[in-house]
Amino acid sequence: MDDLPQNLRLLDAILSPRGYRLIMASSGEEALAVLPGSGADLVLLDILMPGIDGYEVCRRIRSTPSFEFLPVVMITASGDQEKVRAIEAGADDFVSKPLNQGELLARVASLARIKRYQDTIQRQSAELAAWNLELEDRVRAQIDELQRVNRLRRFLSPQLVDVVMDSGDDGFLVSHRREIVVVFCDLRGFTPFAESSEPEEVMGVLSEFHTAMGELIDRFDGTLERFTGDGLMVFFNDPIPCENPAERAVTMAVAMRDRVAELAAAWARRGHDLGFGIGIAQGFATLGRIGFEGRSDYAAIGNVTNLAARLCVAAGPWQILVTQRVLSATEELIVTESVGDLDLRGFSRPIRAFDVAGMTSRTGG
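My aim in this report is to walk through the structure given alongside it, one point at a time. (Residues numbered from 1 in each chain as written. Predicted model: local features only at pLDDT ≥ 70, side-chain atom pairs only at ≥ 80, totals over all residues. Heavy atoms only, no water.)

### Side note on the packing of aromatic side chains
Then, in step 1: If you walk through the whole model with that rule in mind, you get two aromatic pairs.
Then, in step 2: Between Phe209 and Phe276, the aromatic rings sit 6.0 Å apart at their centres with planes inclined by 70°, giving edge-to-face as the arrangement. Here Phe276 lies in strand β7 (residues 275-292) and Phe209 lies in helix α8 (residues 199-219), a separation of 67 residues in the sequence. The pair Phe209 / Phe276 is uniform in exposure class, with both members buried. (Phe/Tyr/Trp six-rings, centres within 6.5 Å; stacked < 30°, edge-to-face > 60°. Helix = DSSP H or I, 4+ residues; strand = E, 2+ residues; numbered from the N terminus. Buried < 20%, exposed > 50% of the residue type's maximum accessible area, 1.4 Å probe, protein only.)

Right under this line is the structure:
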């Protein structure tokens, strides 16, 4: 920026052969108008110009956020007094008139190098900010994913959670109707045991019981609806449909009885007399998410759940009571004994039930 054409030509003659591209302005007003769209890396600014002088141009450059670090070289005709005012205005360096070619090239090259460093820092800062935003988005997505996984793991086996997470579809949480097989089970003699034992002993027994049952629920891909102290409810064929849900339910129930029998033997040696009972029913239910914001469960609602629960209550120690419908779906796999028609609370008609004595030789039971 210089109001004298001969000075502009001189600067062009010195700098252009060295690979610099010059954008020229003959007044402060013109310079300030051209600068924002110029992409300039350095400003050579004459001090004495008509209209806005070099000091004011420099101050306005420095007051513009995007030009805070743009190198400004003031071209001075006199000595220290102009340099002091130039520093106060925000200049980075000085070149004295008459121009010395070597000095000019050295100062321009030095400040251009600094400008490249500043551009690199700004670019890296912008990239870092973008990476931080991307990282925040990823962390947020991972937290959401983890919360979703934890929510699913409350009632699904790890295998089913993997299926749901791989598919990305949790639409099964929406209320729907499906035929399921429900298994209710609980410990017999638990209430007197809890009344006569220390809380730590009760919690220890429950921990052993829940751990053993959880392993079997996962093994057979059951859906755990809830724990109720010494009891639990599991169902099959939802949210992921499965083949032969009644067979899975009965096979799991027999495995549960065998495992609890092992635990009961150890409990008996500690003076605890505990048994085990199971009820299994098959029928249609409405399934989906219930609860409120921040706390929800996946539940099955319908007579089939009530029937399984009542059969569990009616079962004696070590009995597995199943309905006629469950028996019809599994009769080639299990050995049963009829217990006749049971009058169950909440049901107007007697329910025919069968006790599963064991598995047939075909199953290896």
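Structure's up, so let's keep going.
### Observations concerning the pattern of salt bridges
Then, in step 1: Tallied over the full model, the rule gives 19 salt bridges.
Then, in step 2: A salt bridge links Arg188 to Asp186, with the nearest nitrogen and oxygen atoms 2.7 Å apart.
Then, in step 3: In this structure Arg188 comes out as buried when scored by relative accessible area, which is 15%.
Then, in step 4: As a salt-bridge pair, Asp221 and Arg248 come within 3.8 Å of each other at their nearest N and O atoms. Of this pair, Asp221 sits in the loop between α8 and β5 (223-228) while Arg248 sits in helix α9 (residues 245-269); the two residues are 27 residues apart in sequence, bridging distant segments of the chain.
Then, in step 5: Salt bridges linked by common partners bring Asp41, Lys115 and Asp119 together as one network. (Salt bridge = Lys/Arg side-chain N within 4 Å of Asp/Glu carboxyl O.)

### A closer look at the side chain of Ser38
Then, in step 1: Relative to the assigned elements, Ser38 resides in the loop between α2 (28-34) and β1 (43-46).
Then, in step 2: Ser38 gets classed as buried once you look at its relative accessible area, which sits at 11%.
Then, in step 3: Once residues lying within four places of it in the same chain are set aside, the contact partners of Ser38 are Arg21 and Ile23. (Contact = heavy atoms within 4.5 Å.)

### A look at the pairing of β5
Then, in step 1: Pairing analysis gives five bridges linking β5 to strand β6 (residues 231-236), with the strands arranged antiparallel. Bridging from a neighbouring strand, Arg226 pairs with Met233 of β6.
Then, in step 2: Here β5 folds back onto β6, and the loop between the two strands holds two residues, one of which, Gly229, carries a positive phi near 65°. (Pairing = 2+ DSSP bridges.)

### Some points on unusual backbone geometry
Then, in step 1: The linkage connecting Lys97 with the following residue, Pro98, adopts the cis geometry, with an omega of -5°.
Then, in step 2: Summarising the element assignment, Pro98 is placed in the loop between β3 (93-96) and α5 (101-153).
Then, in step 3: The omega torsion across Asp238 and Pro239 is 5°, close enough to zero to call that bond cis.
Then, in step 4: When you line up the elements, Pro239 lands in the loop between β6 and α9.
Then, in step 5: Backbone geometry places Asp221, a non-glycine residue, at a positive phi of 55°.

### Side note on the sheet that holds β1
Then, in step 1: The strand order across the open sheet formed by three strands is β1-β2-β3, and the pairing between neighbours is parallel. With one partner strand each, in any of the chains shown, β1 and β3 form the two edges of the open sheet. Each strand axis lies, on average, 30° off the axis of its neighbour in the sheet, ignoring direction.
Then, in step 2: In terms of strand pairing, β1 meets strand β2 (residues 72-76) through four bridges, oriented parallel. The partner of Val43 across the bridge, within β2, is Val72. (Axes fitted to C-alpha atoms, helices over the stretch in contact; angles between N-to-C directions.)

### Focus on α9
Then, in step 1: A rise of 1.5 Å per residue sets the reference length of α9, with its 25 residues, at 36 Å; its end C-alpha atoms lie 36 Å apart and thus fit the reference within 8%.
Then, in step 2: Immediately beyond the C-terminal end of α9, within one or two residues, lies Gly271, with a positive phi of roughly 90°. (Expected span 1.5 Å × (residues − 1).)

### Some points on the nonpolar core
Then, in step 1: Membership of the largest hydrophobic core comes to 44 residues, with the highest contact counts inside it found for Met213, Leu232, Met256, Trp267, Phe276, Ile278 and Ile280.
Then, in step 2: Element by element, the count of residues in this core is highest for α9, at 12 residues.
Then, in step 3: Residues contacting Ile280, with those up to four places away along its chain left out, are Val181, Val182, Val183, Ala249, Val250, Ala253, Leu311, Ile320, Leu321, Val322, Thr323 and Val326.
Then, in step 4: Formed by 23 residues, the second largest nonpolar core is a distinct cluster that contains Ile180, Phe235, Leu311 and Ile351. (Core = buried A, V, L, I, M, F, W, Y, C linked by side-chain atoms within 4.5 Å.)

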